Every structure is written in structure tokens, then in C-alpha cells.
Amino acid sequence: MSPRAVLIGPPGSGKTTVGRLLADRLGASFRDTDADVEATVGKPVGDIFVEDGEERFRALEAQAVRLALAEHDGVLSLGGGAILDEATRALLAGHAVVYLEVGLSQAVQRVGLASARPLLVLNPRSQLKKLMDARRPIYEGLAAVVVATDERKPDEVVDEIVKGLQP
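Note that the coordinates shown come from a computational prediction; the quantities given were computed from them, not determined experimentally.

Caption draft 1: Main features of the overall build of the protein. Within the protein, the secondary structure is distributed over 8 helices and 5 strands. For the protein, the sequential pattern of α-helices and β-strands runs β-α-β-α-α-α-β-α-β-α-α-β-α. Buried positions account for 44% of the 167 residues belonging to the protein. Considering only intrachain contacts with a sequence separation of at least 6, the fraction spanning at least 24 residues in the protein is 74%. Working note: accessible area of the protein is about 8300 Å², and carbon and sulfur atoms make up 50% of it.

This is the structure we're talking about:
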């Protein structure tokens, strides 16, 4: 069993919104590893970061990704930082990985500066830029399909993903 598509990208790239639409379009189910982590621990990702630390969250995230890649045959959305784990990157090899690319200004608009996202607490715009710059080469290296999301409706992004996934 293997996911039909695995969506990666920074916060604000549209992984959840586009993922749900893509799953509907493909007649498949949608799964989000951040939601899996929250369900396992019983609290929001932001609380896990604050109360248990980023290291604990990353361990839970890696486990959630490993399980989802083994069990899920629909559309899978990974948390923005899941690709930082070397074992996760290795597991993604051979999967239909879709990188949802987003520019800083669009990401800021979508995430909002009063964000509950734990890595964006102090100076969110600057933090988001650093995070995006550092992760971009990893996202690009893992992707079988790259789709720009700036100034596009989710349905347009899904159309491009579907075309990109065709053999």
C-alpha cells in the first residue's frame, strides 16, 4: 500500500486545503500527519511544542509519517518540518511527492502573523522566511512534482497536481 500523493511544503502552502480537494478529486481519503500526532497525544501541535519540546514533537511526527506511509493509500499531507528527519526523507523515496511551493508574502497572508504555529512565535515573517529558505532545497530534492500555489485557487493547484501525477 502506498499513498496516491504525499504533499509537502512550508506553512501556508495549502497542504491541508489542497490535500482534501485532491483526495476528493481522486476518490481517495485524506490524512494529515499533524492531525495524527494531535490524536495520539491528545493535544494540539502548538501545545506539544510548548509543553514537551520540539524534539519530542519531531519524534512523534516521524513515527506518524512512518505509519501513514505504510498504512494510507489516499492523499497524505505532511507537516512542514517532517522532511527535516533523515529517516523520513529516505522513506519518501519512490513516493509521489508533491511540493506545494509558496512565496513568503502569500505564506504570511495564509498563516497570519498572529499565528499559533510554534516555530513562528517571535517575528513570524522573519522566522517564516528563514524556515522557507532553509527547507526549500530539501522540498525540491524530494519532489516528483512541484506546483506553485501563489495567486492560485486551490482547484487550479489540484488540476496541476493531477496532470503532474499522470505517468
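From this point, the narrative continues.
Caption draft 2: Region of interest: the packing of aromatic side chains. In the structure shown here, the tally under the stated rule is 2 aromatic pairs. Aromatic side chains Phe49 and Phe57 sit 4.9 Å apart centroid to centroid with 40 degrees between the ring planes, which places their arrangement in the tilted category. Classification of Phe49 as buried rests on a relative accessible area of 12%. Classification of Phe57 as buried rests on a relative accessible area of 3%. Judged by centre distance (5.1 Å) and plane angle (25 degrees), the ring pair of Tyr99 and Tyr139 falls under stacked. Remark: Tyr139 occurs in helix H7 (residues 124-142) and Tyr99 occurs in strand S4 (residues 97-101); sequence separation between them is 40 residues. For the pair formed by Tyr99 and Tyr139, the shared burial category is buried.

Caption draft 3: Seen up close, the pairing of strand S5 (residues 145-148). Here S5 shows a buried face lined by Val145 and Val147 and an unburied face lined by Val146 and Ala148. Sheet topology places S4 next to S5; 4 bridges connect them, and they run parallel. Considered in S5, the bridge of Glu101 is made with Ala148.

Caption draft 4: Representation of the sheet that holds S4 within the structure. Pairing is parallel in the open sheet, where 5 strands are placed in the order S2-S3-S1-S4-S5. Each edge of the open sheet carries a strand with a single partner, namely strand S2 (30-32) and S5. Adjacent strand axes in the sheet meet at a mean angle of 25 degrees when their direction is disregarded. Pairing analysis gives 3 bridges linking strand S1 (residues 5-8) to S4, with the strands arranged parallel. The partner of Leu7 across the bridge, within S4, is Val98. Those strands touched by helix H8 (residues 154-165) are S1, S4 and S5, and its axis lies near 160 degrees from that of S5.

Caption draft 5: Main features of the pairing of S1. Alternating positions in S1 separate into two faces, Ala5 and Leu7 on one and Val6 and Ile8 on the other, with burial throughout. By the bridge criterion, 3 bridges tie S1 to strand S3 (residues 75-77) in an arrangement that is parallel. Bridge pairing links Ala5 to Val75 in S3.

Caption draft 6: Inspection of the nonpolar core at higher detail. Among the nonpolar cores identified, the biggest contains 15 residues, and Val6, Ile8, Leu78 and Leu92 are the most heavily contacted of them. Excluding its chain neighbours within four sequence positions, the residues that come into contact with Leu78 are Val6, Leu7, Ile8, Lys15, Thr33, Val65 and Leu92.

Caption draft 7: Local environment of the pattern of salt bridges. Counted under the stated rule, the structure contains 10 salt bridges. Residue Asp52 pairs with Lys43 through a salt bridge whose shortest N-O separation is 3.1 Å. When salt bridges with common partners are traced through the structure, they connect Arg31, Asp36 and Glu71 into a single cluster.

Caption draft 8: Region of the structure containing the side chain of Arg31. Along the chain, Arg31 falls in strand S2. Since its relative accessible area comes to 18%, Arg31 is described here as buried. Filtering out sequence-adjacent residues up to four positions away, Arg31 remains in contact with Asp36, Leu67, Ala68, Glu71, His72, Val75, Leu76 and Ser77.

About the cut-offs
Residues numbered from 1 in each chain as written. Predicted model: local features only at pLDDT ≥ 70, side-chain atom pairs only at ≥ 80, totals over all residues. Heavy atoms only, no water. Helix = DSSP H or I, 4+ residues; strand = E, 2+ residues; numbered from the N terminus. Buried < 20%, exposed > 50% of the residue type's maximum accessible area, 1.4 Å probe, protein only. Contact = heavy atoms within 4.5 Å. Areas by Shrake-Rupley, 256 points an atom, 1.4 Å probe, with all protein chains shown as cover. Phe/Tyr/Trp six-rings, centres within 6.5 Å; stacked < 30°, edge-to-face > 60°. Pairing = 2+ DSSP bridges. Axes fitted to C-alpha atoms, helices over the stretch in contact; angles between N-to-C directions. Core = buried A, V, L, I, M, F, W, Y, C linked by side-chain atoms within 4.5 Å. Salt bridge = Lys/Arg side-chain N within 4 Å of Asp/Glu carboxyl O.

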